[in-house]
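Coordinate analysis (summary)
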Amino acid sequence: MDEFSDPDLAALGEESKSENGENAPVYCICRKPDINCFMIGCDHCNEWFHGHCINITEKMAKAIREWYCMQCRERDPSLEIRYRHKKSKEKDRDGERERAEKDELRAKAQELAMEQSRSSKQQIKRSARMCGECEACRRTEDCGQCDFCRDMKKFGGPNKIRQKCRLRQCQVRARPWLSDTDDAPFLDPVLRKRAVKVKHVKRREKKSEKKKEEKYKRHKQKQKHRDRSKHAERVDTKDPSSLHQCLGPGCIQAARANSKYCSDECGMKLAANRIYEILPQRIQQWQQSPCVAEEHGKKLLERIRREQQQARFKLQEMERKFHELEAIIVRAKQQAIKEDEETSEGDSDDTDLQIFCVSCGHPINPKVALRHMERCYAKYESQTSFGSMYPTRIEGATRLFCDVYNPQSKTYCKRLQVLCPEHSRDPKVSADEVCGCPLVKDVFELTGDFCRVPKRKCNRHYCWEKLRRAEVDLERVRVWYKLDELFEQERNVRMAMTNRAGLLALMLHQTIQHDPLTTDLRTSTDR
């Protein structure tokens, strides 16, 4: 069956068309040249037919394998329309049937092969054990009285011999001592043992024998080791000449096993005697030749002590500054307020000028910048904690750390007491309180005068007492840290010097002066 779309039919009709479109071919039973629809071709006469003329749609044509027109079928009745789906189903069914038949044939062939192999094996075995013609081979029941039957499990035996009944042993091919029933009770026990030795029994016996031999060897080795140790102990206890004498001073006892002494006391006595004998000589050698490390240690100690003395002087100076600052603050509070004196610097009319806070970043007026920054810093500082598990214990130091105990974290606050925003707050400033900040010229030179502006209005000297006290306290803390570091260095140097000439060092090391006439070069000043 042939199907063509519109382009295919147009190409087919182009062969018979003329240039002017005349003499166009006609198709179908309607004999029209229309090719703009679905058409189906006859597989016998190759004539094309319109689908709507013969009542066949495009969907129906997809299921047709071979199609013949009515005229061809009338001329040749053997022509029949064939469909695709019926043919494919038949093929599938035929294929399944063929597969099933093949599988059955294979299974039957395998069964036959298995049966043949089994029968051949049985025949081989049977031919090897019995002839199949004598009375013993034809017998099917056991007698239950011979020694082989009494060994069987069904008659209550241990099943060790594993042989057939003597009456069923072949008279032609079986061994004579197996088939001879008269002499069965009187067989030689050696022959009976031979009869028991079947192949698989032999293998089991071999495996068990190997295991037993290995276990026996291991046991023998352990026993030898035990015997040797026992023998050595017996020799030590019985033979006095084989015992070692204790090496302790003045001891006549025998030493313990695997030891040189009879007891721990003898070992300690011998060690003490060796120390008393060797130590004086080592001390004399140590004193004769000077030690370079000892001299370096002495110089280092002198330098550390000088630095400690300087730190103490600096601490005394800082304490003096501390008391002087307190006296200046007391004098400043006694000054009288001058209402007509105002701070001219920074009081310009330019209100557009703004600066930004270093803590929060907000724009602020320069007049109140110091107050705002101080409050921001205190707020952020109070959110963190600096603590230690131990309180401050410094003799002679006044007002250094806050040391307020926090029961939640179980620590002591280690901020400076003056600057701690969490546990110490600034006192309220009264309206008649004077600023009192000492005035200076050329930045550092004091003039002896004080700022007499009211403290609430003074923006130039905001919290000057707090900052001055914090400066002095911080310097004192630095000096104390320096002093503590120097104490640690001194302790390490002293420990090194004492260990250098200690008992263990003197016993392990020895100073040898090869040329006693020549002076030691290490004592010269030019080294």
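Residues numbered from 1 in each chain as written. Predicted model: local features only at pLDDT ≥ 70, side-chain atom pairs only at ≥ 80, totals over all residues. Heavy atoms only, no water.

1. Some details on unusual backbone geometry
A positive phi angle, close to 55 degrees, is found at Arg 162, a residue other than glycine. With respect to the helices and strands, the residue Arg 162 is situated in the loop between α7 (147–151) and α8 (176–179). Judged by its relative accessible area of 36%, Arg 162 falls in the partly exposed class. One non-glycine residue, Asn 258, lies in the positive phi region at around 60 degrees. One can find Asn 258 in the loop between α10 (199–238) and α11 (264–288). Overall, the relative accessible area of 85% leaves Asn 258 in the exposed class. (Helix = DSSP H or I, 4+ residues; strand = E, 2+ residues; numbered from the N terminus. Buried < 20%, exposed > 50% of the residue type's maximum accessible area, 1.4 Å probe, protein only.)

2. Quick notes on the UniProt feature "coiled-coil region" (unreviewed entry) in the protein
Following the UniProt record, one finds the feature "coiled-coil region" (unreviewed entry) at residues 301–335. Helix makes up 94% of residues 301–335 and strand 0%, whereas the separation of the span's terminal C-alpha atoms amounts to 52 Å. (UniProt positions renumbered as here; feature names shortened; annotations may be inferred.)

3. Here's the deal with the packing of aromatic side chains
Scanning the entire structure with this criterion turns up 2 aromatic pairs. With centroids separated by 5.7 Å and ring planes inclined at 70 degrees, the aromatic side chains of Phe 49 and Trp 67 adopt a geometry described as edge-to-face. Of this pair, Phe 49 sits in strand β3 (residues 48–50) while Trp 67 sits in the loop between β4 (64–66) and α4 (70–75); the two residues are 18 residues apart in sequence, bridging distant segments of the chain. Assigned by exposure class, Phe 49 and Trp 67 land together as buried. Here the aromatic rings of Tyr 405 and Tyr 412 are separated by 5.0 Å at their centres, their planes lie at 55 degrees, and the arrangement is tilted. With relative accessibility at 22%, the residue Tyr 412 sits in the partly exposed group. (Phe/Tyr/Trp six-rings, centres within 6.5 Å; stacked < 30°, edge-to-face > 60°.)

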